[in-house]
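An overview of the molecular structure
In case you want the letters, here they are:
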Amino acid sequence: MITYAEVEFILYECHSLKDKRSVLKRIQNRLKKQLNVAIAEIDYQDLWQRSKFAIVTVTTTVELGEQVMQQACKVFDSFTEIERTITNVEIR
């Protein structure tokens, strides 16, 4: 099963693209290390207080894919400098 999620969030404490990149790199590294998912910023690259990530994982069951995405959302929520706004998950 392929589980795909798009996650939008706001970065309140960033005041430049450099600040944004720093926060996004920490998020990406933690997700890759803890959950072994593929992750990339797919929108709002030119805005320094907004971002959108795509996360993909391949699992053997639907339940496992949902679990991984729930854990990914918990990782996003653990960062105090961002607020997750919209999350869309698809399972194929």
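Residues numbered from 1 in each chain as written. Predicted model: local features only at pLDDT ≥ 70, side-chain atom pairs only at ≥ 80, totals over all residues. Heavy atoms only, no water.

Points about the pairing of strand β1 (residues 2–11)
Strand direction decides the pairing type here: β1 and strand β3 (residues 50–58), joined by nine bridges, are antiparallel. Counted as the bridge partner of isoleucine 2 is valine 58 from β3. Bridge count for β1 against strand β4 (residues 82–91) is nine bridges, and the pairing is antiparallel. In the strand pairing of β4, tyrosine 4 is matched with glutamate 90. (Pairing = 2+ DSSP bridges. Helix = DSSP H or I, 4+ residues; strand = E, 2+ residues; numbered from the N terminus.)

Side note on the nonpolar core
Membership of the largest hydrophobic core comes to 21 residues, with the highest contact counts inside it found for Phe9, Ile27, Leu31, Ile55, Phe76 and Ile82. When contributions to this core are tallied by element, the ones reaching two or more residues are β1, α1 (17–35), β3 and α2 (62–78). Not counting the four nearest positions on each side in its chain, isoleucine 27 is found in contact with Phe9, Phe53, Phe76, Phe79 and Ile82. (Core = buried A, V, L, I, M, F, W, Y, C linked by side-chain atoms within 4.5 Å. Buried < 20%, exposed > 50% of the residue type's maximum accessible area, 1.4 Å probe, protein only. Contact = heavy atoms within 4.5 Å.)

Describing the environment of serine 51
Relative to the elements of secondary structure, serine 51 occurs in strand β3. Residue classification places serine 51 among the buried positions, given a relative accessible area of 0%. On a C-alpha basis, the gap between serine 51 and valine 89 in space is 17 Å, while along the polypeptide they are 38 residues apart. Other than its neighbours up to four places away in sequence, serine 51 contacts Val7, Glu8, Phe9, Leu11, Lys20, Leu24, Glu41, Asp43 and Tyr44. A distance of 3.0 Å separates a polar atom in the side chain of serine 51 from a polar atom in the side chain of glutamate 41. (Polar contact = N/O pair within 3.5 Å; in protein donor to acceptor, adjacent residues only side chain to side chain.)

What to know about the sheet that holds β4
Whenever strands of a sheet pair, they do so through backbone hydrogen bonds, lying parallel or antiparallel. Read from one edge of the open sheet, four strands run β2-β3-β1-β4, paired in antiparallel fashion. The open sheet is flanked by β2 (38–43) and β4, the only strands paired with a single partner. Here the average twist between neighbouring strands, direction ignored, is 25 degrees. Most of the contacts of α2 go to β4, to which it runs at about 170 degrees, and overall it touches β1, β2, β3 and β4. (Axes fitted to C-alpha atoms, helices over the stretch in contact; angles between N-to-C directions.)

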